[in-house]
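Chains, contacts and geometry: an overview
So you can see what is in the structure, the chains are spelled out below.
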Amino acid sequence: MTKKVDIGSKRLISLAPDNWVQWVTQRKDIRVKEFISSEFQWVSRDNDVLIKVENPQGEFLILNELQLRYNETMPLRMTAYIALARERYNLPIYPVLINILPHTKTPNIPNFYQHEFMGVKSYQDYRVINLWEIEASLVFQENLASLLPFVPILKGGGEEAIVREAVIKLRENEQLSDLEPLLSFFASFVLEIPIVQQIMRWDMTVLRESPWYQEILKEGLQQGVQQGEQQGEANLVIRQLSKRFGNLDPVITSQIRQLSISQLETLGESIFDFSAMADLENWLQQNAD
């Protein structure tokens, strides 16, 4: 039985915490003292990681917020997290928002929150890092183990040779081996599934424990609420299949749109097990009404 593992934000950052905080701040004189609780009375989020650090000027906090995709509520949410952390710990805060995948409409992502009401103004800065703008080579040059699972979606990281290099780095350290499913997941965005299966372990049981996988499912459900739940699920599944196999035959697309929500959810989970279009066709023959 596959063991349950934590491949969330805190687990990733803790792999090489000093390297991480130096990278997000662009300061080499910073050292990590401890990870501290980011749970507040009204707010508790898996993707928040709060770290107490120090440099020659003293102690401060780095608030890390990792998001699968940016959404327009983030400026207000970042401001709220910063205020809660400052009140609780009474230390200066360096806030960073890390976006993993581009938004479908590629918005101009702001690095501040501002609001004015009746002449009273509110303003809060924070740093924004978009992973798709980060050179994959930087991960290897600066030993950023936390970013190894994301290499395929970094700038220049979608090449098979680069992905293989990331796999080798993970396998050099036994503590990193359980991150292969997450690397596989993001590799499937840029490489054909058979290639991904050939060069690395492909463990969907482990991957499903990842908050990133759950976020993808949640994203599909949110689209479902907006577009009609069944239609939204169908659109998400069709888009994922098209990324892997190219444009789908209209007959297959029609079959998918006729599936129930539960069938679509099952198909969505099975996509990562398909290595060829024939696998999809066989699945539809066996499962479609």
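Labelled according to an unreviewed UniProt entry, the protein chain appears under the name DUF4351 domain-containing protein, originating from Richelia sinica FACHB-800.

1. Quick notes on the nonpolar core
Grouped together as the largest cluster of nonpolar side chains are 50 residues, with contacts concentrated most on Trp20, Trp23, Leu131, Leu148, Phe150 and Phe186. When residues in this core are grouped by element, the largest group, five residues, is from helix α6 (residues 180–187).

2. Concerning the packing of aromatic side chains
All told, the structure shown has four aromatic pairs when counted by the stated rule. The interplanar angle of 15 degrees and the centroid separation of 5.7 Å between the aromatic rings of Phe112 and Tyr123 together place this pair among those described as stacked. Pair noted here: Phe112 is in strand β5 (residues 112–117) and Tyr123 is in strand β6 (residues 120–125), with a separation of eleven residues, a long-range link. Put simply, the rings of Phe150, Phe185 and Phe186 touch in pairs and so form one group of aromatic residues.

3. Description of α6
Counting buried positions over the eight residues of α6 gives eight, a clear majority of the element. Buried within α6 are the following residues: Glu180, Pro181, Leu182, Leu183, Ser184, Phe185, Phe186 and Ala187.

4. Here we look at the side chain of Gln124
Checked against the element boundaries, Gln124 lands in strand β6. Under the relative-accessibility criterion, Gln124 is labelled buried at 16%. With residues up to four places along the chain from it excluded, the contact list for Gln124 reads Thr79, Ile82, Arg86, Pro95, Asn111, Phe112 and Tyr113.

5. Thoughts on the environment of Trp283
Secondary-structure assignment places Trp283 in helix α13 (residues 277–287). On the basis of relative accessibility, which here comes to 10%, the residue Trp283 falls in the buried class. Spatially, the C-alpha atoms of Trp283 and Ser270 are 8.8 Å apart, while their sequence positions differ by 13 residues.

6. Comments concerning the pairing of β6
For β5 and β6, the ladder comprises six bridges, and the chain directions are antiparallel. Of the residues in β6, the one forming a bridge with His115 is Ser122. Hairpin remark: β5 followed by β6, antiparallel, with two residues in the connecting loop; positive phi at Met118, about 55 degrees.

7. Examining helix α11 (residues 250–257)
Working note: α-helix, 3.6 residues per turn, so residues spaced by three or four point in the same direction. For α11, the full list of buried residues reads Ile252, Thr253 and Ile256. End-on view of α11: buried residues confined to an arc of 100 degrees, all on one side of the axis. Seen from the buried face of α11, the exposed residues on the opposite side, beyond 90 degrees, are Pro250 and Val251. Among the residues of α11, the N-terminal cap falls to Asp249, whose side-chain oxygen and the backbone nitrogen of Val251 are separated by 2.7 Å.

8. Structural notes on the packing of α11 against α13
Helix-helix packing is characterised by the crossing angle of the two axes and by the distance between the axes. Running from N to C, α11 and α13 point in directions that differ by 45 degrees, and their axes come no closer than 11 Å. The pairing of α11 with α13 is recorded here as oblique in orientation. In terms of crossing hand, the pair formed by α11 and α13 is left-handed. Contacts between α11 and α13 pair Ile252, Gln255 and Ile256 from the former with Met277, Leu280, Glu281 and Leu284 from the latter.

Calculation criteria
Residue numbers restart at each chain and count upward from 1, following the sequence in its written direction. Local features in this predicted model are restricted to residues whose pLDDT is 70 or higher, and side-chain atom pairs enter the listing and the counts only when it is 80 or higher, whereas totals over whole chains, interfaces and linings include all residues. Note that the side-chain values use all heavy atoms of the structure and ignore hydrogens as well as water. Among buried residues, those of type Ala, Val, Leu, Ile, Met, Phe, Trp, Tyr and Cys that are joined through side-chain atoms within 4.5 Å constitute a nonpolar core. Burial classification: accessible surface area is computed with a 1.4 Å probe over protein chains only, and a residue below 20% of its type maximum counts as buried, one above 50% as exposed, and the rest as partly exposed. Only DSSP runs of H or I with at least four residues qualify as helices, and only runs of E with at least two residues qualify as strands; both kinds are numbered from the N terminus onward. By convention, a stacked pair of Phe, Tyr or Trp rings (six-membered ring in the case of Trp) has centres within 6.5 Å and planes under 30 degrees apart, an edge-to-face pair has planes over 60 apart, and any other such pair is tilted. Residues are treated as being in contact if the distance between any of their heavy atoms lies within 4.5 Å. Only strands that DSSP links by at least two bridges are regarded as paired with each other. Taking the helix axis as origin, the arc is that swept by the directions to the C-beta atoms. In protein, a polar contact requires one atom able to donate a hydrogen and another able to accept it; more generally it is a pair of N or O atoms within 3.5 Å, and residues adjacent in sequence count only if both atoms are side-chain atoms. Simply put, an axis is a line fit to the C-alpha atoms, just over the touching stretch for a helix, and the angle between two N-to-C directions goes from 0 to 180 degrees. Relative orientations are named as follows: roughly parallel for angles under 35 degrees, roughly antiparallel for angles over 145 degrees, roughly perpendicular for angles from 65 to 115 degrees, and oblique for any other angle. Handedness of a crossing is defined here by the sense of rotation of the near helix relative to the far one, left-handed for an anticlockwise turn of less than a right angle and right-handed for a clockwise turn.

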